[in-house]
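Architecture at a glance
Each chain, letter by letter, is given below.
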Amino acid sequence: MSLWNRAQQLPPDALRQVQNVYGEQFPIEVRHYLAGWIEDKMQQWNEIDPDNAGHSQFAHSLVSQLVQEMETKALSYSSNEDLFLVRIRLDEAANLFKTRYLNSNPLALVSIIRECLKTELHLVQQHENMLGGVAHVANMVVEPCAEIVSELEILLRRTRETADELRHLEQEQESFALQYHDCAKINAHLSHIQGQERTAQNREVEQNLRRRKEIGEQQLAQKVSGLLQRRMDLAEKHKGTIDRLNSLQQRILDEELINWKREQQMAGNGKPFNQNKLDQIQEWCEALAEIIWLNRHQIKECERHQTKIPITPPGGVDMLPTLNSHITRLLSSLVTSTFIIEKQPPQVMKTNTRFTATVRLLVGGKLNVNMTPPQVRVSIISEAQANALLKNDQMNKGEQSGEILNNTGTMEYHQGTRQLSVSFRNMQLRKIKRAEKKGTESVMDEKFSLLFQSQFSVGGGELVFQVWTLSLPVVVIVHGNQEPHAWATVSWDNAFAEQGRIPFTVPEKVPWPQIADMLDSKFKSATGRGLTDDNLKFLAGKAFRSPQVQDFNNMYLSWSQFCKEPLSERNFTFWEWFFAVMKVTREHLRQPWNDGSIMGFVGRRQAEDMLKNSISGTFLLRFSDSELGGVTIAWMYEDTTKAGDQRDVFMLQPFTSKAFAIRPLADVIADLKYLLFLYPNIPKEQAFGKYYTPMAEQQPSVNGYVKPHLITHVPGWSGAGSMDSYPNTPQPMCQMHDGGMGDPPSVSSNPSDCVSTMPYNDTDYPDILDNLPEPDFTDINLDFLPPNFMKLQ
């Protein structure tokens, strides 16, 4: 039964306390109608630390999912009149969560939900305990993996029990040894008497000794039987413990730790990643290490006792050597598997550039490895060498594919965190040896990996471990222009690598929904806001070169389509286009993109269709199809001085990072006075006013110069102080930058053409066309002047 169902069965007083927990900040209707979803996410609620700013992105993702679930649930009630008020309440709560928490402070909402669930759980447990029942509630609210903790407690209890049984066995053996010694003395005395003269006294003594010998031998036989039974029972108990240890260790290492590593890899593509989960896994591994070590010690003690009194049952099999071998393998597997890379090196690695990495041994502190601090050495190996390493579990001495400076370090134990780790802060790749290329392969397709190796001992040198671990695949570049393709290789590998693969094999084709998820994660991580369904549909049309297709869900995109084959009528690939868009958005457009002021992913023809039905001066921002990292402004203009249909859509030549470095987007929009409304009808001051650069009062500087003010200027749209009409038939003076077959030409907005330097003065701008303010521009050559566009009155 769910926690919420149990809460509803509380007595009236306790139920009122539950109701009082929920309020405006987290409405009880949300708790009721989304109970199943909320409780399914209990582990994630608990894993987020509201006081840790580093968990903000993880919290944002979870709150975003919650809002989406609320909206979906409200939509499903739209056809049910009886649930009309519920739908309104859910919509209101969804809007509240979006405006108050989603982008500004998602951790605050997570904190509220956690506290509500904890209070609810406490009241339910309190009531059920009063009834005498065992409150078997979803303890994940308090403990994310209670099942693991419970199993560890069981194993620790069994270990204590076998320790007690071992002590009893030792006492029994000591008692047996004493009695055996007494029997030996009786036998010796009896042998001596039998060698004496057969007097009546000697015969009586002999008879007495025989009775004592018979009784002693019977008692010894009983003790031997008891000892053998104790030994077998103890061995069986150890076998059961080892079997349970093996099962639990597989779950922790092969599920929890592997999942953490997978999440770490997906974090390279921008997925939320709770790195603190590693601390929890370390606690489990340390508990495992302690239990394994104690059981191994007990088994060795059993072997020692058996050596002292070497008795075995007839036809019996000695289990202790097998148990010892098994428990030692468990320890070895635990140690070697918990030598992990806590902080991965950069996956796109540039030669002669400093980089960092951190390696950690999760059980190092518990096994006192720090008593002899181990050295860790780092080298870089190729895909083929990584393959050979996994097959043979060793590397040929000196075999590597490059030279890394500052590649050795000593692991240190940090008392406060109880972590044994080493951080490499100044590594640098000096040389790289590449494999021969085949077909269309390039250096950006080639994957390497950093190999971390060490050796250490435990138990005072009793056991020596050779350990190593491989980093995530890295691509080595020598120039910045190789970076986009390198990130394509890394992103594809991160997203689609399968567990247990042959290094570093990835599928050649992938279903579009998986590609879409990868693109969404990367864009959200880079810019702060993810991609909508419409954005992803647009990207699918571009990637498949089939914008007319409606459903891409069952289509597979190949690696070649993704980043090898140029887009239609372009000299760049889909990934290069997407990467450039992501880069310009991250560096120059982050805030308006997060506000939703940039439509971005919309084709030229679709933009024209959208604007044709809008009022004059309506504009939108879209990513250029023809220029990498280009952003163009499309706007509707209606010339009211002409008869007939004088409405048309125009587009500025795309702005790039170079232009935005000179003049930010918001200021460009402010400069262009004929841009009035952001599509569909948002006043541009409302959308972009908060991002305008404030203009300080002009003051002469210390050297006597007046600081100029830059203004975006589109040639041909006006002349400063001029009353000349625009020519009716201008001639294009530059090649189209963002058009396809049959598209109208763009208006040039090249930074060299559209920025003038002059002191700013509001009186320089006369009104034109319905009081539309006209920018003051310097006289420069026209790139292109649209026909019959605008005439000064």
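Placed above this text is the structure.
Bear in mind the structure is a predicted one, so any value in this text is a computation, not a measurement. (Residues numbered from 1 in each chain as written. Predicted model: local features only at pLDDT ≥ 70, side-chain atom pairs only at ≥ 80, totals over all residues. Heavy atoms only, no water.)

1. A closer look at the overall build of the chain
Regarding its fold elements, the chain presents 24 helices and 22 strands. A buried classification covers 47% of the 793 residues belonging to the chain. Of the contacts made within the chain by residues no fewer than 6 positions apart, 71% connect residues no fewer than 24 positions apart. Only carbon and sulfur atoms are counted for the fraction: they give 48% of the accessible area of the chain, which is about 39,500 Å². (Helix = DSSP H or I, 4+ residues; strand = E, 2+ residues; numbered from the N terminus. Buried < 20%, exposed > 50% of the residue type's maximum accessible area, 1.4 Å probe, protein only. Contact = heavy atoms within 4.5 Å. Areas by Shrake-Rupley, 256 points an atom, 1.4 Å probe, with all protein chains shown as cover.)

2. Let's talk about the sheet that holds strand β14 (residues 618-623)
The strand order across the open sheet formed by 5 strands is β16-β15-β14-β17-β18, and the pairing between neighbours is mixed. Only two strands of the sheet have a single neighbouring strand rather than two, namely β16 (647-651) and β18 (682-683). Bridging between β14 and strand β15 (residues 631-638) involves 5 bridges; their strand directions are antiparallel. Counted as the bridge partner of Phe623 is Val631 from β15. Against the sheet, helix α20 (residues 604-612) contacts β14, β15 and β16, and its axis sits at roughly 140° relative to β16. (Pairing = 2+ DSSP bridges. Axes fitted to C-alpha atoms, helices over the stretch in contact; angles between N-to-C directions.)

3. With respect to the environment of His127
Residue position: His127 is located in helix α8 (residues 106-130). Through-space distance from the C-alpha of His127 to that of Arg6 is 10.0 Å; in sequence the pair is 121 residues apart. With sequence-adjacent residues up to four places away left out, His127 is seen in contact with Gln9, Leu10 and Pro11.

4. Topic: the sheet that holds strand β4 (residues 375-382)
Taken together, 4 strands build an open sheet; the order of strands is β6-β4-β9-β10 and the sheet is antiparallel. Each edge of the sheet is formed by a strand with only one pairing partner; in this case those strands are β6 (408-410) and β10 (463-470). Strand-to-strand twist of the sheet, defined as the mean angle between neighbouring strand axes without regard to direction, takes the value 25°. Bridge count for strand β9 (residues 448-458) against β10 is 8 bridges, and the pairing is antiparallel. From the neighbouring strand, Ser454 faces β10, where its bridge partner is Val467. The strands touched by helix α13 (residues 383-392) within the sheet are β4, β9 and β10, with β4 carrying the most contacts at an inclination of about 120°.

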